[in-house]
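The residues making up each chain are set out below.
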Amino acid sequence: MESKGLNLTLKIWRQENAKAKGKFVTYEVKNISPDCSFLEMLDQLNETLVEKFEMPVCFDHDCREGICGMCSLYINGRPHGNDSGVTTCQLHMRKFKDGDTIYIEPWRAKAFPVIRDLVVDRSAFDKIIQAGGYVSVNTGGVPDANAIAIRKENADLAMDAAQCIGCGACVAACKNASAMLFVSAKVSHLALLPQGKIEAKERVEAMVSRMDELGFGNCSNTGACEAECPKEIKITNIARLNREYICSKLG
Amino acid sequence: MSLNSKIPSGPLEQKWSYYKSHQNLVNPANKRKLDVIVVGTGLAGASAAASLGELGFNVKVFCYQDSPRRAHSIAAQGGINAAKNYPNDGDSVYRLFYDTIKGGDYRAREANVYRLAEVSGNIIDQCVAQGVPFAREYGGLLDNRSFGGAQVSRTFYARGQTGQQLLLGAYSALSRQIEKGTVKMYNRTEMLDVVLVDGKARGIITRNLVTGAIERHFGHAVVLATGGYGNVFFLSTNAMGSNGSAAMQAYRRGAYFANPCFAQIHPTCIPVHGDYQSKLTLMSESLRNDGRIWVPKDKTVSEKLRKGLMKPTDVKEEDRDYYLERRYPAFGNLVPRDVASRAAKERCDAGYGVGATGLAVYLDFSTAIQRLGKHVIEERYGNLFQMYEKIVDENPYETPMMIYPAIHYTMGGIWVDYELMTTIPGLYAIGEANFSDHGANRLGASALMQGLADGYFILPYTIQNYLAGEIRTPRMSTDAAEFVKTEAEVKERIKKIINIKGKHSVDSFHKRLGHIMWEYVGMGRTRESLTKAIELIVALRAEYWKEVYVPGTNDEFNPELEKALRVADFLELGEMMARDALNREESCGGHFREEYQTEDGEALRNDDKFMYASAWEYKGDAAPEMHKEPLNYEFIEVKQRNYK
Amino acid sequence: MSNLVNSSIGKKLMMGLAGLFLCAFLLVHLGINLLILLNDGGEAYRMGVEFMTTNILIKIMEIFLFGGFLLHIVYAIYVQVQNWFARPIRYAKTNHSQTSFFSKYMIHTGVIIGIFLVLHFINFYFVKLGIVAVPEGAEGKHDFYNMVLNLFKNPVYSWIYVVFMIGLAFHLNHAFQSAFQTLGWNHKKYTPIINFVGTAYSIVVPAGFAIIPIYVLYIM
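Residues numbered from 1 in each chain as written. Chains lettered and ligands numbered in written order. Predicted model: local features only at pLDDT ≥ 70, side-chain atom pairs only at ≥ 80, totals over all residues. Heavy atoms only, no water.

Another point: the overall build of chain B. For chain B, the helix and strand inventory stands at 18 helices and 19 strands. For chain B, the residues scored as buried account for 67% of the 644 residues in total. Accessible area of chain B: about 21100 Å², with a carbon and sulfur share of 49%. Here chain B carries 79 positive and 79 negative side-chain charges, and the mean point of each set is 3 Å from the other. (Helix = DSSP H or I, 4+ residues; strand = E, 2+ residues; numbered from the N terminus. Buried < 20%, exposed > 50% of the residue type's maximum accessible area, 1.4 Å probe, protein only. Areas by Shrake-Rupley, 256 points an atom, 1.4 Å probe, with all protein chains shown as cover. Lys, Arg positive; Asp, Glu negative; His and termini not counted. Charge placed at Lys NZ, Arg CZ, Asp CG, Glu CD.)

Within the structure shown, the criterion is met by 52 aromatic pairs over all chains. Ring geometry for Tyr456 of chain B versus Phe457 of chain B: centroids 5.9 Å apart, planes at 55 degrees, classification tilted. The rings of Phe116, Phe152, Tyr157, Tyr161 and Phe164 of chain C are connected pair by pair, giving a single aromatic cluster. The lysine or arginine in question, Lys102 of chain B, covers the ring of Tyr643 of chain B, its NZ or CZ lying 4.4 Å from the ring centre. Above the ring of Tyr409 of chain B, the side-chain terminus of Arg442 of chain B is found at 4.0 Å from the ring centroid. (Phe/Tyr/Trp six-rings, centres within 6.5 Å; stacked < 30°, edge-to-face > 60°. Lys NZ or Arg CZ within 6 Å of the ring centre and 35° of its normal.)

Attention shifts here to helix H4 (residues 56-85) of chain C. Residues and elements named next belong to chain C. In this model, H4 (30 residues) spans 44 Å end to end at C-alpha, consistent with the 44 Å of a helix rising 1.5 Å per residue. Those residues of H4 lying buried are Ile58, Glu62, Leu65, Gly68, Phe69, His72, Tyr75, Ala76, Val79, Gln80 and Asn83. Between the side-chain oxygen of the N-cap and the backbone nitrogen of Leu57 there are 2.7 Å, and the N-cap of H4 in question is Asn55. (Expected span 1.5 Å × (residues − 1). Polar contact = N/O pair within 3.5 Å; in protein donor to acceptor, adjacent residues only side chain to side chain.)

Turning next to the pairing of strand E8 (residues 214-218) of chain B. Note: strand E7 (residues 200-208) of chain B against E8 of chain B, 5 bridges, orientation antiparallel. Bridging from a neighbouring strand, Ile204 of chain B pairs with His217 of chain B of E8 of chain B. (Pairing = 2+ DSSP bridges.)

With that settled, the discussion passes to the interface of chain B and chain A. Listed as interface residues are 77 residues of chain B and, on the opposing side, 75 residues of chain A. Summed over both sides, the interface of chain B with chain A buries roughly 6400 Å², with 53% coming from carbon and sulfur. Contact with chain A buries surface across chain B, with Arg70, Tyr276 and Lys390 of chain B losing the most and accounting together for 11% of the total. Where chain B touches chain A, the interface holds 9 salt bridges. Taking the shortest distance from any N to any O, the salt bridge between Arg210 of chain A and Glu179 of chain B comes out at 2.6 Å. Taken together, the connections running from chain B to chain A amount to 48 residue pairs in polar contact (both at pLDDT 80 or more). Elements with a minimum of two residues in the side of chain B that touches chain A: helix H3 (43-55), helix H5 (110-130), helix H6 (162-180), helix H12 (374-392), helix H13 (447-467), helix H15 (506-520) and helix H17 (559-583) of chain B. Counting residues per element, the side of chain B that touches chain A draws most heavily on H6 of chain B, which supplies 9 residues. For the side of chain B that touches chain A, the class distribution of residues is 30 nonpolar, 28 polar and 19 charged. (Contact = heavy atoms within 4.5 Å. Buried area = accessible area lost by both parts, 1.4 Å probe. Salt bridge = Lys/Arg side-chain N within 4 Å of Asp/Glu carboxyl O. Nonpolar A, V, L, I, M, F, W, Y, C, P; charged D, E, K, R; others polar.)

What follows covers the nonpolar core. Phe216 of chain A together with Ile80, Phe134, Ile497 and Tyr544 of chain B are the most contacted members of the largest nonpolar core, which totals 254 residues. Here this core gets 13 residues from one element, more than from any other, and that element is H17 of chain B. Among residues more than four places away in sequence, those in contact with Ile497 of chain B are Tyr544, Trp545, Val548, Val550, Leu561, Ala564, Leu565 and Ala568 of chain B. (Core = buried A, V, L, I, M, F, W, Y, C linked by side-chain atoms within 4.5 Å.)

In this assembly, 40 residues from chain C lie in contact with 48 residues from chain A. Where chain C packs against chain A, one counts 1 salt bridge. The salt bridge partner of Glu153 of chain A is Lys188 of chain C, with a shortest N-O separation of 3.2 Å. Seen at the junction of chain C and chain A, the total is 29 residue pairs in polar contact (both at pLDDT 80 or more). Counting only elements with at least two residues in the side of chain C that touches chain A, the list comes to helix H1 (2-6), helix H2 (8-34), H4 and helix H7 (155-182) of chain C.

Quick look at the confidence of the model for chain B now. Averaged over all residues, the pLDDT of chain B is 96; the fraction at 70 or higher stands at 100%. Here the complex is predicted with pTM 0.96, and the ipTM for its interfaces comes to 0.98. (pLDDT = per-residue confidence, 0-100.)

Our focus in this paragraph is unusual backbone geometry. All names here are of chain A. Here Asn31, not a glycine, exhibits a phi torsion of approximately 55 degrees, which is positive. One can find Asn31 in strand E2 (residues 23-32). Of the residues examined, Asn31 reaches a relative accessible area of 56% and is grouped as exposed. For Arg64, which is not glycine, the phi torsion reads 55 degrees and is therefore positive. Among the secondary structure elements, Arg64 is positioned in the loop between helix H1 (38-51) and strand E3 (74-75). Residue classification places Arg64 among the buried positions, given a relative accessible area of 6%.

Residue and element names in this part refer to chain A. On the secondary structure map, Asn237 appears in helix H9 (residues 236-250). Side-chain polar atoms of Asn237 contact the side chain of Arg240, separated by 3.0 Å. Residues within four places of Asn237 in sequence aside, it is in contact with Ala161, Ser184, Ala185 and Ser188.

Turning our eyes to something else, we now look at the domain arrangement of chain B. Interface size, as often reported, equals the accessible area lost upon joining of the parts. Residue and element names in this part refer to chain B. If you check the domain split of chain B, you get domain 1 (266-406) and domain 2 (483-630). Computed over C-alpha atoms, the centres of domain 1 and domain 2 are 31 Å apart. With 10 residues of domain 1 at the contact, the number on the domain 2 side is 12 residues. The contact between domain 1 and domain 2 buries some 770 Å² in all, and 56% of this surface belongs to carbon and sulfur atoms. Where domain 1 packs against domain 2, one counts 1 salt bridge. Its salt-bridge partner being Glu602, residue Arg327 comes within 3.1 Å of it at the nearest N-O pair. Taken together, the links from domain 1 to domain 2 amount to 3 residue pairs in polar contact (both at pLDDT 80 or more). Going through the elements one at a time, helix H10 (337-349) and strand E15 (401-410) are the ones with two or more residues in the side of domain 1 that touches domain 2. Along the lines of polarity and charge, the residues of the side of domain 1 that touches domain 2 split into 4 nonpolar, 1 polar and 5 charged. (Domains from an automatic or database assignment.)

To continue, consider the sheet that holds strand E19 (residues 625-630) of chain B. All names here are of chain B. Taken in spatial order, the 4 strands of this open sheet run E16-E10-E18-E19, and their pairing is antiparallel. Here the strands that pair on one side only, and so sit at the sheet edges, are strand E16 (413-414) and E19. As paired elements, strand E10 (residues 257-258) and strand E18 (residues 612-617) share 2 bridges and run antiparallel to each other. Each residue of the ladder has a partner; that of Phe257, found in E18, is Trp616. Across the sheet, H17 is in contact with E10, E18 and E19; its angle to E18 comes to roughly 140 degrees. (Axes fitted to C-alpha atoms, helices over the stretch in contact; angles between N-to-C directions.)

Moving on to the pattern of salt bridges. Overall, the coordinates contain 78 salt bridges over all chains when judged by the stated rule. Glu317 of chain B is the partner of Arg292 of chain B in a salt bridge, and the nearest nitrogen-oxygen pair spans 3.8 Å. Pair noted here: Arg292 of chain B is in strand E12 (residues 292-296) and Glu317 of chain B is in the loop between helix H8 (299-306) and strand E13 (320-321), with a separation of 25 residues, a long-range link. Its relative accessible area of 19% is what places Arg292 of chain B among the buried residues. One salt bridge in this structure joins Glu62 of chain C and Lys128 of chain C, with 3.7 Å as the shortest N-O distance. In this pair, Glu62 of chain C sits in helix H4 while Lys128 of chain C sits in helix H5 (residues 106-129), placing the two residues 66 residues apart along the sequence.

Printed below as a string of structure tokens:
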């Protein structure tokens, strides 16, 4: 437990508001415990900034256990940093070495404009879900939960896709800032279940068309999204999305 | 004002159906003319907003996060209870009701809890229809697991992410209504006050967290679904942004605050490991299905383990004290949370604790791995094990996990009647924000059940009973004097806190408050500790309003200002918790007064004097006044809780 | 249907289909080119060329072929420009994500192939059409055999040709598998087969083309 603290150089994107011009600012942090999380390291930086009566670095975060999808950060060229299957709040400082220089940038995409510093606006994702990422049932009047049996394999695949936390790492990692992995996760989750099949056609068309309107790029099957997804959602879902979409348009 | 819980008369199992068939309803044409404000988008808020939108009301929803999908319900891992009796193991609505009342140590309202158990099955039906991918058996039907405090398997789950899947279900229903235009969503917007007109809740004042704009919103009714206040303790399993401010604003405007001292300490969290720590991570209670909790029988062994001179796997089977199995043979490792937490504290206080700090016990899967094979354990808890390994850097398949209790959930909250209405007409509180269903201790997998029960199946009915009387109230202009005045007060409060320009950060105060709470209002409370806590909190609050430093201005994205306003409220809430705990001279559920325990260290209730819910009324600078809502158990025989 | 052409997925679908069609064409083209290796004084090759330049079906297919190229290129540019617009401010630190390597450079390898195509047209197709004069050593505008030999006897030209083929290999390596992914073909049993075929194709076809200049230069 008595491991040596890390001294690090941070190069952090600071931008006062959406319209302001941003720049990288260099900070030094000292004696950071390797057992603390990346965000706790930033907390410590912010504490020192407040002590100096400066504005702390703004970044999105909430649950700090890798499930809310609020934390972001593009760390040394990788969304959520250099560990796989984690969000930034689950990234631990033991992944860094003493003396490292760390670049911290916000997600970059036209559809995710910067609000302040490292905080971006991801409401585009909400808009995509609003276009059709649901089963159109009202509260009440539904059949018994066990009325329809579902193949375990399909239920498991649906769950794999449904684990998406909507953090936007897929968009951030994609060289084209494409949202296909996000959209495909929701389309797959619902297309794999009998409850979702009924309006699968309308759903996929509406969600893809909303995605296109919002200014995301096109998928070029590079696979960066899959590599960076903290929930390790597979690009086989993108193939399923393509299939659903093409069949829906042709059918 | 005397408290009227408005419980319908008649036999327990007919109260809810009687209520529904006799309540007032609003006809479809009038629904369009009525505005409802919902604050919070967790399970309760999102499900309520979606359901109200579907019914045809005009709904406005607010959340402080960037998206409604981020609410902290998402972090619930283990599952959701429902009296479906699919496994055919003897479950029933009555049994779920009984377990919940007993689990809550006979401090919850019978009628509410029965209704909760009654609608629990509908929740599962609803969620499956929405496409929630619950775990299934190979035959294609839903799987169940067991949870603490129950002898049946009634917990539905979606791997270790049940809360996420249920919230995404509610979020999808909400999104559908947003698209339809029945619901208007305001994200990154925080409620800062309730507006009362002629004694009724008529709207809220909010702050746009991106621009800092202070805005006024009108509603014929206001619903608070703002969650619990566990973050009073600074370190808790709550999200960083979870706060008690909406509840405090309601409280200051006249809503009573009930049972504030009832906070749940969750037994299976990853132990604290440093001063820089910002939150505690929960490991799902479901782990106790297969994990066995132990410490060494010999203190000297514990000491060697603390110093790293020995590994836990070196401790022989006969030298391990499986203290839960020893003390509670009937429930073993599956005793309710409060019991398990206290037992862990007892062992650690007695010097048997492990880990570098001595504040940890082992949760061991070696027996289960031997019995079931690694792959079964991996399938059941794979993601939890992975999460543990990421944080602690130890492999729980090979070495036992270390766990310690942490603040998790607050059973206390805004006082509500049977209709979920607070003491302010037109102001409702649902989900964790209210106090009604869990008594002094909540059973595992019941928070999700209550949030969704309130949001999908209870509030959409009961609110109509009130709104039916409001169909002649036209939409009010937010230029009305009451709105202007409340807004001015909010702005004044913000100005005041920014202008302190003291020397210390908001977080430094919050951490100090957390230490006071954990030390003196934590798992074991005494008259002395609570008196001391009140003293310390009052002093800390005074210092806060002199010494806190909030950088920046109101007119910008300013997370420090958000925190500052929340911590100001926590400093009042903490005091109220201590006052309530001091008043309650008994031990029950999550509230353990060391003066009141049985000879073998179990909680000792005092039903003669404390069989009531305490509801605190705000009295400005003076001490709050307590009102009692007596709890009458007409249908259940009150017993001492026994998990032996 | 209109979205099938304009939507993001539709554009990729068009590109993928055109690409797969071009892949099929490459096989035919390679088959005829390899006839040069027969060392029969070009007889088989001439017959192949004769068939390709006169058969009516091939003539019709040629229109589709040009259409395919055009579609593939136009969509590629359109999609690429859109992709650039999707991230107006770029990262300071280049991306370190684990990705399929060649996929990141499709536009670059595409441009290389485009340049090659221009060269290729000047050397052969425009000669056939009479836009470019018949080069020295060839017996008329249909004598591709001698045109090929003359060009490949120049080591500089031959090695440039080989380099272009490496560019083509890089492009095809991602393109083949990617097209199936775009078509929605992803299956835990069959995708590994497609990936294997794709990789094999991307190595064998350009290698087949590249063998010819080396053969002409060093063996013939």
